[in-house]
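Structure at a glance
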Amino acid sequence: VYVVRIAPLPAGEGTARYVLSFRDISELRRIDRMRSDFVANASHELRTPLASMRGFIETLQGPARDDAKARERFLAIMLDQATRMSRLVDDLLSLSRLEVKSHIAPDSIVDLVPLIGKVRDQLGPLASELGVEIVIEAPPGKVEVTGDPDELVQVFENLMENACKYGQDGETVDVKISCDAGRPVEVSIRDHGPGIPAEHVPRLTERFYRVNVEASRSRKGTGLGLAIVKHILTRHRARLIVRSREGEGSEFTVRF
Ligand code: ADP
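Naming follows an unreviewed UniProt entry, where the protein chain appears as histidine kinase of Allorhizobium borbori. Regarding the protein chain, the relevant UniProt record gives this comment under Catalytic activity (unreviewed entry): "ATP + protein L-histidine = ADP + protein N-phospho-L-histidine." One UniProt comment on the protein chain, placed under Subcellular location (unreviewed entry), says "Cell membrane".

**Regarding the pattern of salt bridges**
This structure, assessed with the given rule, holds 10 salt bridges. Glu-99 serves as the salt-bridge partner of Arg-207, at 2.4 Å between the closest nitrogen and oxygen. With a gap of 108 residues between them, Arg-207 in the loop between β7 (186–190) and α5 (213–218) and Glu-99 in helix α2 (residues 68–100) connect regions that are remote in the sequence. Since its relative accessible area comes to 25%, Arg-207 is described here as partly exposed. By relative accessible area, which is 40% here, Glu-99 ends up partly exposed. What emerges from the salt-bridge pattern is a single network uniting Lys-101, Glu-151 and Arg-235.

**Things to note about the site of the ligand**
Neighbouring residues of the ligand: 19 residues in total, closest Tyr-166, Asp-191, Ser-216, Thr-222 and Leu-226. With respect to the ligand, the backbone of Val-211 contributes an N or O atom lying 3.1 Å from an oxygen atom. One nitrogen or oxygen atom from the main chain of Thr-222 is found 2.8 Å from an oxygen atom belonging to the ligand. Contact with the protein chains hides 96% of the accessible area of the ligand, taken as 530 Å² for the molecule alone. With three residues, the single largest contributor to the shell around the ligand is helix α4 (residues 149–166).

Rules behind the numbers
Residues numbered from 1 in each chain as written. Predicted model: local features only at pLDDT ≥ 70, side-chain atom pairs only at ≥ 80, totals over all residues. Heavy atoms only, no water. UniProt positions renumbered as here; feature names shortened; annotations may be inferred. Salt bridge = Lys/Arg side-chain N within 4 Å of Asp/Glu carboxyl O. Helix = DSSP H or I, 4+ residues; strand = E, 2+ residues; numbered from the N terminus. Buried < 20%, exposed > 50% of the residue type's maximum accessible area, 1.4 Å probe, protein only. Near = heavy atom within 4 Å. Polar contact = N/O pair within 3.5 Å; in protein donor to acceptor, adjacent residues only side chain to side chain. Areas by Shrake-Rupley, 256 points an atom, 1.4 Å probe, with all protein chains shown as cover.

The following block contains the structure:
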């Protein structure tokens, strides 16, 4: 998309002369469209649970006023909806904070071995609820990278939680930390779930992109986890590599 400007040059000998200038605004247009898509998506995601909560409140004020059983059930659903909205707002705030500081490089020395062990412990209750076991393979000693410890916890929490949520009941989630001489430090998180069809892989880190919206919602997803991961890794000058085959599970690798 171009903006074209036509400006007359000072009159020369008889003939009128003009300057045409072209400015490519495709990138600005693209960013603008992305921003308004994002606001529309975020509003929609918040509006859905709100509309449902209003419906339940109206029912509780009217037809279900004296029905103790319905009241219990509706209150439980409303609590679920409110929790979902809080999660969404937390993720939106995380993203906007990350955008503000995107140009500042984090500078602490972080040992990934205890950090990933801590994330596994935090995810313990979810993993056992979903029937998966998180198995960590790490080299002896420290595996240090430069980074922000809280943000790296967020990265591995999101990736390991996804592997548990979208993995296979009764299977393991395999987390491998490697730091071979002369090679970059890598952490790979592998699950044995249904995998991701190839056409979706390049878009996974887009905000609100989900392969299956219902599956994501039922697993308490916001659709923002991988977008947050990508932002944090960009700040850390690290990369996310996704390998996935339908029916064979997925592997998300962070390469520092
Ligand atoms: P969500 O909150 O929906 O989990 P994410 O941004 O974390 O959002 O992930 C985006 C989408 O990528 C998910 O909705 C899911 O469809 C897909 N996805 C992520 N991780 C996996 C995985 N390990 N296996 C299969 N699909 C996955």
